[in-house]
Amino acid sequence: MTDFAEARHALFPWAPVVFGCGALAYFLADQEPSEQVLFAVWALAGLGLLAGLCAPWVWRPLGWLLAFAAGGYALAAFRTADVAAPVLSFRYYGPIEGRVVAIDASYAGATRLTLDQVRLRGIAPEKRPERVRLSLHGPPPEIAPTPGQIVMTTGHLSPPSSPTEPGGFDFRRHAWFKGLGAVGYTRVPVLLWSEPQALTWRERVYSLRLALSQAIRDRIPGQPGAFAAAIITGDRAAIDRAYVEDLRGSNLAHLLAISGLHMGLLTGTVFLGLRSLFALWPWLALRVPVKKVAAVAALVAAAVYLVISGMSVATERAFIMVAMILIGVCFDRRALSLRSVAWAALIVLALRPEAVMGPGFQMSFAATTALVITYAALRDVKWWYALPRWSKGPASLLLSSFVAGAATAPIAAAHFNIIAHYGLIANLASVPVMGTLVMPGALVALAGAPLGLEWIGLYAMEIGIRWILWVAGTVSGLEGAVGHVVRPMPVVLPLVVAGALIVALTPFRARWIGVAPCLVALLLWTQTERPVLLVSGSGGLLGVLTPEGRSLSKSRGDGFAARSWLENDGDGVAQDTAYAREGIVHGKGRVDVTLGAYAVTQLRGKTGAAQFNEACAAADLIVGNVDLPRSTACEVIDARAFRRTGALAVTVGEGGLEITTAQEADPARPWQGAKPRSEPRLLARLLGE
């Protein structure tokens, strides 16, 4: 029995891994599963759970393996159906009316409004998106938008965009789980139709957050105030893009996103502060479990911070992790262990299975797992305890920054295509300031606000934030501070993660076999080949790979696709720089590209369409952003086809030009337009309702 208990303890950290693999199997499938498949998966999950609870001891691990794998798949399918909402299927221009539920800023700095209770001319209620997001490119509203207002404007809406290249990030899936059925913009003023009526508690909290953000920016001017508002309320709308790029280039962007670091610093300050304060009163310290009282108070502080920071997915992950630690303290369990990390990961994945696809989930749990294992190993290292007391703080900071950076570096590089070479230096210079000035200052400011003493905390925050922004700008400006890496082939990151998990979670010497998949992945990464030609989903931008780098057909326009292509190439230049490269012959209304023995022509607008016959006689492939005639003399992909195929990747094969599309002509998944399976109806059927 003891051996089984030890084995169960060693195997439990694999539970979220197996659960996540089940969810990944659903999200990466080419087709939506049928109701028969879903029925079988739910049945397997139930059988696995039954076996895990009732089977002979030797078979129970296999039962739990089946339960977690099938459960991950089933809950991912259930979550997909649960958030299902109408998605706009065409481009719309006309009046837009809706109720403001969120206000933020786009990458370019434009104010964006998220609206619900949407009304669109000529679209039946059952086909209207439940939520749309609108960028304001025209004059600013006459009054500041606030949650609950009903506003009107005239603008453009379209379905969430497909990937900028085959296999790229799918914004449609991201929008599906955010409930966004359309995105667009307006160039005319937004008019107020009515003031907020009855607000929900979420909208009241959101209004409070916006008011708090504005108050912070009023008291701390400039970018330090915008930074302070971001780490307290999660409102990053006022931060300039240049400062965000500095933070990314110095590997300090994690200080901006409310995640485990912020939650840990805040709750740690509350916990240690209250425990130390209680210890000063011997009568209380001898009669009350002050450690547990401090843990409960820190948990309450974490819950309040979760609410006022906007309850983003990253903050929810951090709160669950901190809550597991503090609850462990209350029950005299080890505060931080692999079991607590595994429980936190299981809870996050059960609530939001789609998180397994995102870099935030992957990086946060990679860093946490690596830190837990590292410090658990240090318990048996004598020289670590022999360090002078004054040196343990700096040594812990150095070790933590190195371990967390090493654990998250491959994931960050695979998702974001950059490596901050001097990130360790920047973190060593900034994280202590974040922990000693900025986050304690935020706590003092919030606690002192009712007494009018918030200025004390805000002053400390301003000093610390100015230092952090200076470090970010200085480090990111160093020569060679930022390295760019090519987007790896799809198998690379799973191999890296699998190998790292084997090393981290296997309690035997055989764990080091996990190094092999990591080495194979790195070798494959170096062999990654990018498509020689890419065409945007609008048909308006073309990019050809040259020895100098990718050359683009336009210096402006389709900026998101251009930036994504260059980042995935591991190329850090701007769009206008890529436009100036050789490799594309520019003409009026057309561009021409030579791919080995083949010729590709892009026709743009009416001027380009008028040259169709001439171009078709000379080119093997014609792409265009307008409707073009059909011809047997050349292959044509025009605006009609692009609406079905999305972006294109073209390579030269033995049999000619090989074209890969970002989406097939027929939708296969709900976020691509396919009708989702209805697990609620399936469950009702099983229950006999």
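Asks: I'd like a description of the overall build of the protein, backed by residues and values.
Replies: In terms of regular secondary structure, the protein is built from 26 helices and 18 strands. A compact globule built from 689 residues should have a C-alpha radius of gyration of about 26 Å, and the protein, at 27 Å, falls within 12% of that. Each principal axis of the C-alpha distribution contributes one length, and for the protein these read about 95 × 65 × 65 Å. Relative to its 689 residues, the protein shows a buried fraction of 44%. Taking as baseline every contact in the protein between residues at least 6 positions apart, the subset at least 24 positions apart corresponds to 64%. Here the protein displays about 34,500 Å² of accessible surface, and carbon together with sulfur accounts for 63% of that area. The centroid of the 60 positive side-chain charges in the protein is displaced by 7 Å from the centroid of its 48 negative side-chain charges.

Asks: Quick one: what's the story with the nonpolar core, residue by residue and with numbers?
Replies: F227, I231, L252, M434 and M461 are the most contacted members of the largest nonpolar core, which has 48 residues in total. Mapped by element, the contributors of at least two residues to this core are α7 (222–233), α8 (241–249), α9 (260–279), α11 (290–308), α12 (313–330), α17 (423–448) and α18 (454–476). Residues in contact with F227, not counting those within four places in the same chain, are I239, L247, L255, L256, I465, I468 and L469. In terms of nonpolar packing, the next biggest core, distinct from the first, is built from 33 residues, A70, Y73, A345 and V348 among them.

Asks: Please set out the packing of aromatic side chains residue by residue, giving values where relevant.
Replies: Under the defined criterion, the tally for this structure stands at ten aromatic pairs. Between F27 and F177, the aromatic rings sit 5.8 Å apart at their centres with planes inclined by 75 degrees, giving edge-to-face as the arrangement. Separated by 150 residues along the polypeptide, F27 in helix α2 (residues 15–27) and F177 in helix α5 (residues 171–178) bring together distant segments of the chain. Each member of the pair F27 and F177 is classed as buried. One aromatic cluster in this structure is built from Y26, F27, Y73, F177 and W671. Here R339 stacks its cationic end above the ring of F12, 4.7 Å away from the centre of that ring. Directly above the aromatic system of Y26 lies the positively charged group of R669, at a separation of 4.7 Å from the ring centroid.

Asks: Lay out the packing of α2 against helix α4 (residues 60–82) with the relevant residues and their values.
Replies: A packed helix pair is summarised by two numbers, namely the angle formed by the two axes and the spacing between the axes. It is the contact of α2 with α4, at a shortest axis distance of 7 Å, that shows an interaxial angle of 45 degrees. Taken together, the axis directions place α2 and α4 in an arrangement best described as oblique. As α2 packs across α4, the resulting crossing turns out to be right-handed. Of the residues in α4, those touching α2 at A15, V18, F19, G22, A23, A25, Y26 and F27 are L65, F68, A69, G71, G72, Y73, L75, A76, A77 and T80. A breakdown of the residues in the contact of α2 with α4 according to their chemical character gives 14 nonpolar, four polar and no charged.

Asks: Which residues make up the pattern of salt bridges, and what values do they have?
Replies: The tally for this structure, following the rule as stated, stands at 23 salt bridges. The partner of R79 in a salt bridge is E354, with the nearest N and O atoms 3.0 Å apart. Taken together, the residues span a long stretch of sequence, with R79 in helix α4 and E354 in the loop between α13 (338–351) and α14 (359–378) at a distance of 275 residues. The buried category is assigned to E354, whose relative accessible area is 15%. In this structure, R581 engages D571 in a salt bridge whose closest nitrogen and oxygen atoms are separated by 2.8 Å.

Asks: Lay out the state of the cysteines in plain terms, naming residues and giving numbers.
Replies: All chains considered together, the criterion is met by one disulfide. For C616, the disulfide goes to C634, at an S-S distance of 2.2 Å. Here the S-S torsion is close to -115 degrees, and the disulfide linking C616 with C634 is therefore left-handed. Here the residue C616 occupies a position in helix α24 (residues 612–618), and C634 occupies one in the loop between β15 (621–624) and β16 (635–637), the gap between them amounting to 18 residues.

Asks: Quick rundown of the sheet that holds β16? Include the residues and the values.
Replies: Judged by pairing direction, the sheet is mixed, and its five strands sit side by side in the order β12-β13-β14-β15-β16 without closing on themselves. The open sheet terminates on both sides in strands that have one partner only, identified here as β12 (585–587) and β16. The average undirected angle you get between the axes of adjacent strands in this sheet is 20 degrees. As paired elements, β15 and β16 share three bridges and run parallel to each other. By the bridge assignment for β16, L621 is matched with E635.

Asks: Residue-level account of the side chain of T114, with values.
Replies: For T114, the position within the fold is in strand β2 (residues 111–120). Judged by relative accessible area, which is 8%, T114 ranks as buried. Leaving out residues up to four positions away in the same chain, T114 has contacts with R99, V100, V101, A102, R131, V132, R133 and L180.

Asks: Account for the environment of P507, naming residues and giving values.
Replies: With respect to the helices and strands, P507 occurs in the loop between α19 (492–505) and α20 (515–526). In sequence terms P507 and N251 are 256 residues apart; their C-alpha atoms lie 32 Å from each other.

Asks: Can you lay out unusual backbone geometry for me, pointing to particular residues and giving the numbers?
Replies: One non-glycine residue, Q117, adopts positive backbone phi at about 50 degrees. Despite not being glycine, N417 has its phi angle at roughly 65 degrees, a positive value. Within the element layout of this structure, N417 appears in the loop between α16 (389–416) and β7 (418–420).

Asks: Quick rundown of the sheet that holds strand β17 (residues 648–653)? Include the residues and the values.
Replies: The five strands lie next to each other as β11-β10-β9-β17-β18, forming an open sheet whose pairing is antiparallel. Because the sheet does not close on itself, it has two edges, and the strands there are β11 (549–552) and β18 (656–661). When strand polarity is set aside, the average angle formed by the axes of neighbouring strands in this sheet is 25 degrees. As paired strands, strand β10 (residues 542–546) and β11 are joined by four bridges and run antiparallel to one another. Note on β11: the bridge partner recorded for L545 is R550. Sitting on the sheet, helix α21 (residues 559–568) is in contact with β9 (533–535), β10 and β11, with an inclination near 165 degrees to β11.

Asks: How would you explain helix α3 (residues 35–54) if you had to name every residue and give the values?
Replies: With 20 residues, α3 should cover 28 Å at 1.5 Å per step; its first-to-last C-alpha distance of 28 Å lies within 8% of that length. For α3, the complete set of buried residues consists of L38, V41, A45, G48 and G52. Here the buried residues of α3 occupy an arc of 85 degrees about the axis, which is enough to place them on one side. In α3, those exposed residues whose orientation departs by more than 90 degrees from the buried face are Q36, L47, L50 and C54.

Basis of the calculations
Residues numbered from 1 in each chain as written. Predicted model: local features only at pLDDT ≥ 70, side-chain atom pairs only at ≥ 80, totals over all residues. Heavy atoms only, no water. Helix = DSSP H or I, 4+ residues; strand = E, 2+ residues; numbered from the N terminus. Rg over C-alpha atoms; globule rule 2.2 N^0.38 Å. Buried < 20%, exposed > 50% of the residue type's maximum accessible area, 1.4 Å probe, protein only. Contact = heavy atoms within 4.5 Å. Areas by Shrake-Rupley, 256 points an atom, 1.4 Å probe, with all protein chains shown as cover. Lys, Arg positive; Asp, Glu negative; His and termini not counted. Charge placed at Lys NZ, Arg CZ, Asp CG, Glu CD. Core = buried A, V, L, I, M, F, W, Y, C linked by side-chain atoms within 4.5 Å. Phe/Tyr/Trp six-rings, centres within 6.5 Å; stacked < 30°, edge-to-face > 60°. Lys NZ or Arg CZ within 6 Å of the ring centre and 35° of its normal. Axes fitted to C-alpha atoms, helices over the stretch in contact; angles between N-to-C directions. Parallel < 35°, antiparallel > 145°, perpendicular 65-115°, else oblique. Left-handed = near helix turned anticlockwise from the far one by under 90°. Nonpolar A, V, L, I, M, F, W, Y, C, P; charged D, E, K, R; others polar. Salt bridge = Lys/Arg side-chain N within 4 Å of Asp/Glu carboxyl O. Disulfide = S-S within 2.5 Å. Pairing = 2+ DSSP bridges. Expected span 1.5 Å × (residues − 1). Arc of directions from axis to C-beta.

The quantities given are spatial measurements derived from coordinates; they are silent on function.
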